[in-house]
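What follows is the residue order along each chain.
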Amino acid sequence: MVTNTRTPLRTDRLRTLNVPHPVRVEIDERGRPVTVGDHYCPQEDDDGRAETSGGDGGPPPCQRIEEIIEIWRIDDEWWRTPISRRYVDVVLEGGGHVVLFEDLTTGQWFVQMP
Amino acid sequence: MTVQSGKGIESISAVCLWIPIFSLRCEEHRRPELMRRPTALLSPTDSRRLWQISAVARHTGVRPGMTVSQAIGLCPSLTLCEPDPVHYDEAFTQLLLTLESVSPVVEPVELGRVFVGMDGLEGLFGGPVSQLETIARVLEPSSSPVSHRPLSSSWAAAARLGWAHGKFTAWVAATRARPGTPIIVSDAERIAFLADQPVAVLPISSDTHRRLRQLELETLADVARLPETALISQFGVEGKRAWQLAVGFTLDPVVGRERPEPIVMGLDFPDPVADRTMLAHALSKLIERALSHPQRVGWRVQSARVRAKLEHSASWLTEVTLKDPSADCARIAAPLNVRLEQNPPMGAVEHLAVEFLSFARGTNELQLFARDATSAARAGQRRALHAAAHEIKDRFKRPLLYHVVEVQPWSRIPERRYALIDFEP
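Here's a quick rundown of the structure. (Residues numbered from 1 in each chain as written. Chains lettered and ligands numbered in written order. Predicted model: local features only at pLDDT ≥ 70, side-chain atom pairs only at ≥ 80, totals over all residues.)

What follows concerns the environment of Asn343 of chain B. Structurally, Asn343 of chain B can be placed in the loop between helix 14 (329-342) and strand 16 (349-361). Sequence separation between Asn343 of chain B and Trp316 of chain B is 27 residues, and the spatial gap between their C-alpha atoms is 9.5 Å. (Helix = DSSP H or I, 4+ residues; strand = E, 2+ residues; numbered from the N terminus.)

Laid out in structure tokens, this is it:
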């Protein structure tokens, strides 16, 4: 990470980083993720917005979850747009490390970097 | 047509004075016997390689950058000289001071290459021909009606002079001129003159030169025929500058050097002092005070003078020129203390004064020769990073480099921990 240069923070020019992307997750009988698949490689377009198009090879195949490191739940911002998420920090088959979360209001799963 | 503006005195009318292999010529002036021999100057950074070579040595096949063993193999009688950068710098400084007697607008570029601004001097020296004759005259060591600082050696036989509007055209003219036969490029001829020149005259990187050759662009006319956007998309900022120079859009002015006024600090003694230790101490204090003068910030002291008023209306004066300009009290005081020891005042001192007479820039030079190599490297990296960021912005019309900034690094919601912000050096 770049050292803080004490440049004034221009919040109007901030761009989001590590935007969550929708993903298909298979869960076991206890509700724990077992496989992750059909998630699209996060790429940013010229304006810095995340694209959801696949790369040259299309969507990657399903990957088995090798280990669950941590599970936590967030219920926040009930006073405006409520956030209710169940996070699962996982290690994928092959060593990839990602964070999955289930949006408990819609049931949709998302993936992002830890 | 664009005219760049900037701080300091500027002049669009430019004379470029170019003395090729300046450092080697300094050696030849010091040791005239070298002029007839094949001679080479060793590189200041790598003593196993050659830096500058004489015309006689070139005829034997010796080239700059060769190793000493290669060169000796080609020319067994080659005379090798150790470089003496301080001497070359002093000689160049003397040349600049001499040129300042012609025009106040003098811009050195590198050893042996300097631009002289001639705007507003027509009334004094006449047209371009007379201006060039005046400059050629002050390059002679004999005293001239113009120069108050005659040179110790003659550069007239080696100097190539070009006159034009804008530094680039003046430089190209100087490279095409022969010693004693300057080239004048009037404004009407400028574009046609530039069109015939090879792309090698463009001040761009060797990589860009190589790519231009691969694209079979041989003259500035070839470059000027292309659309500006094509050059920018291929070469970025360099391409833009190359195109503007090739079509003659850029009239880059000569920018005169800022010269601070002398700084004087004096001290009256209530009782006349003859003790040398006390005088040395007072001298040191005066140098410290002069160094802390706000006018001195950003400059290193090149020459200093000490004056003393003695009892019975006598006086004493000594002056030193530092080989390495300095802003360090001890370094400035040392040669003055030596003078004080060797040639002390002939009586007790009532008033002592220190004058800083001339200065050298204290920024780039200090970075280049910084004792702290790490800080110099950091400065170089910063410059490279800034140049790359500007080039990307120029090419894509918007910044595509970002800082990662912490927003809520403690957050349990990962996308809120960090964000991106435009990187604008």
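Looking now at the interface of chain A and chain B. Across the boundary between the two partners, chain A contributes 19 residues, which contact 13 residues of chain B. Put simply, the parts of the chain that give the side of chain A that touches chain B at least two residues each are strand 1 (15-16) and strand 6 (63-76) of chain A. Residue composition of the side of chain A that touches chain B, grouped by class: 12 nonpolar, 4 polar and 3 charged. In this structure, strand 1 of chain A lies alongside strand 18 (residues 418-422) of chain B, joined through 2 bridges in antiparallel fashion. Paired with Arg15 of chain A across the bridge in strand 18 of chain B is Leu420 of chain B. (Contact = placed C-beta atoms within 7 Å. Nonpolar A, V, L, I, M, F, W, Y, C, P; charged D, E, K, R; others polar. Pairing = 2+ DSSP bridges.)

With 8 of 10 residues buried, helix 7 (residues 167-176) of chain B is to be regarded as a mostly interior element. Where helix 7 of chain B is concerned, the buried positions are Lys167, Phe168, Thr169, Ala170, Trp171, Val172, Ala173 and Ala174 of chain B. (Buried ≥ 20, exposed ≤ 12 C-beta atoms within 10 Å, placed from the backbone.)

Here 3 strands make up an open sheet; going across it, the order is 1(A)-18(B)-17(B) and the pairing antiparallel. This sheet does not close on itself; its edge strands, each paired only once, are strand 1 of chain A together with strand 17 (402-406) of chain B. As paired strands, strand 17 of chain B and strand 18 of chain B are joined by 5 bridges and run antiparallel to one another. Considered in strand 18 of chain B, the bridge of Glu406 of chain B is made with Tyr418 of chain B.

Our focus in this paragraph is unusual backbone geometry. Here Asn18 of chain A, not a glycine, exhibits a phi torsion of approximately 65°, which is positive. Tracing the chain through its elements places Asn18 of chain A in the loop between strand 1 and strand 2 (21-27).

All names here are of chain B. With 67 residues, the main nonpolar core has Val15, Cys16, Val116, Ala170 and Ala173 as its most contacted residues. The biggest single contributor to this core is helix 7, with 6 residues. Each residue touching Val116, except ones within four places of it in the same chain, is listed here: Val15, Leu17, Leu99, Val102, Ser103, Val105, Val106, Ile135 and Val254. Of all hydrophobic cores here, the second largest spans 20 residues; its members include Leu279, Ala304, Leu336 and Phe356. (Core = buried A, V, L, I, M, F, W, Y, C linked by C-beta atoms within 7 Å.)

Turning to helix 14 of chain B, a few remarks are in order. Residue and element names in this part refer to chain B. For helix 14, built from 14 residues, the straight-helix expectation of 20 Å at 1.5 Å per residue is met to within 8% by its first-to-last C-alpha distance of 20 Å. Burial in helix 14 covers these residues: Ile332, Ala333 and Leu336. If you follow the buried residues of helix 14, they end up packed against helix 13 (276-291), strand 14 (299-310) and strand 15 (315-326). (Expected span 1.5 Å × (residues − 1).)

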